[in-house]
Amino acid sequence: MSKKQQQEQLQQQLSALAESVEALLAAEVDLTDTYYLGLKAKAEQALDHARESLEVNKEGLIAKSRRRARCVNQFVTECPWRTLALGWAAGMICGIVSAKR
């Protein structure tokens, strides 16, 4: 599943959760009413789906971050002088930009 599809699916699930919660809050019924209990179950189900989707996305982001950190570590290890030069250049640019303000 593509990133855009995952975002759309998560957005739909969160919208469904918001609608269920709004309907639950707007309902002025007896706490034992079956309609209320149905809304509560629907809201809980939507919340569970949203949590599952967030966990899946979270695990993917953690894996990507670890891969990128390994790549950066490898680059720094293989080219320490180039890394030092890039850091120096970034620092100079930040210093020049902040000094003009």
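All figures in this text were calculated on a predicted structure; none of them were measured in a lab. (Residues numbered from 1 in each chain as written. Predicted model: local features only at pLDDT ≥ 70, side-chain atom pairs only at ≥ 80, totals over all residues. Heavy atoms only, no water.)

Student: Explain the overall build of the protein chain to me, please; I cannot follow it from the model alone.
Tutor: Regarding its fold elements, the protein chain presents three helices and zero strands. Beginning at the N terminus, the succession of helices and strands in the protein chain can be written as α-α-α. Expressed as a percentage of its 101 residues, the buried residues of the protein chain come to 10%. Summed over all atoms, the accessible surface of the protein chain reaches about 8600 Å², with 60% contributed by carbon and sulfur. (Helix = DSSP H or I, 4+ residues; strand = E, 2+ residues; numbered from the N terminus. Buried < 20%, exposed > 50% of the residue type's maximum accessible area, 1.4 Å probe, protein only. Areas by Shrake-Rupley, 256 points an atom, 1.4 Å probe, with all protein chains shown as cover.)

Student: Please explain the layout of surface pockets as it appears in this structure.
Tutor: Quantified by volume, the largest pocket comes out at close to 190 Å³. Taken together, Lys-3, Gln-6, Gln-7, Leu-10, Val-56, Asn-57, Gly-60, Leu-61 and Lys-64 make up the lining of the largest pocket. Elements with a contribution of two residues or more to the lining of the largest pocket: α1 (3–26) and α2 (34–78). Considering only residue class, the lining of the largest pocket consists of three nonpolar, four polar and two charged. (1 Å grid on protein atoms, 1.4 Å probe; cavity = no way out; pocket = protein on both sides within 12 Å on 5 of 7 lines; lining within 4 Å. Points joined across faces, edges and corners; volume = space filled by probe spheres on them. Nonpolar A, V, L, I, M, F, W, Y, C, P; charged D, E, K, R; others polar.)

Student: How should a nonpolar patch on the surface be read in this particular structure?
Tutor: On the surface, a cluster of nonpolar side chains totalling about 330 Å² of accessible area is made up of Val-72, Phe-75, Val-76 and Leu-86. Considering each element in turn, the nonpolar patch owes the most residues, three residues, to α2. (Patch = residues over 30% accessible without salt bridge, like charges linked within 9 Å, V, L, I, M, F, W, Y side chains within 5 Å. Salt bridge = Lys/Arg side-chain N within 4 Å of Asp/Glu carboxyl O.)

Student: Would you explain the confidence of the model for the protein chain in this entry?
Tutor: Considering every residue of the protein chain, the mean pLDDT works out to 80; 89% of them sit at 70 or more. The secondary-structure element of the protein chain with the lowest mean pLDDT is α1, recorded at 73, while helix α3 (residues 80–100) shows the highest, at 91. (pLDDT = per-residue confidence, 0-100.)

Student: Can you help me understand the environment of Leu-54 in this one?
Tutor: With respect to the helices and strands, the residue Leu-54 is situated in helix α2. Using a relative accessible area of 44% as the deciding quantity, one classes Leu-54 as partly exposed.

Student: How should a positive patch on the surface be read in this particular structure?
Tutor: Taken together, the side chains of Lys-3, Lys-64, Arg-66, Arg-67, Arg-68 and Arg-70 present a region of like positive charge at the surface. If you trace the backbone, Arg-67 turns up in helix α2. (Lys, Arg positive; Asp, Glu negative; His and termini not counted. Charge placed at Lys NZ, Arg CZ, Asp CG, Glu CD.)

Student: Explain the environment of Ala-16 to me, please; I cannot follow it from the model alone.
Tutor: Turning to its location among the elements, Ala-16 is positioned in helix α1. Between the C-alpha atoms of Ala-16 and Ala-46, which are 30 residues apart in sequence, the distance is 6.5 Å.

Student: Quick question: what am I supposed to make of the packing of α2 against α3 here?
Tutor: How two helices pack is summed up by the angle between their axes together with the distance between the axes. Two elements in contact, α2 and α3, have axes whose closest approach is 5 Å; the angle formed by their N-to-C orientations is 105°. What the angle tells us is that α2 and α3 run roughly perpendicular. On α3, the residues touching Phe-75, Val-76, Thr-77 and Glu-78 of α2 are Pro-80, Arg-82, Thr-83 and Leu-86. Of the residues belonging to the contact of α2 with α3, the class tally is four nonpolar, two polar and two charged. (Axes fitted to C-alpha atoms, helices over the stretch in contact; angles between N-to-C directions. Parallel < 35°, antiparallel > 145°, perpendicular 65-115°, else oblique. Contact = heavy atoms within 4.5 Å.)

Student: How do you make sense of α2 when you look at a structure like this?
Tutor: In an α-helix there are 3.6 residues to a turn, and that puts residues three or four apart on one side. For α2, with 45 residues, the first-to-last C-alpha span of 66 Å sits near the 66 Å given by 1.5 Å per residue. All of the buried residues along α2 are Leu-39, Ala-43, Ala-46, Ala-50 and Ser-53. (Expected span 1.5 Å × (residues − 1).)

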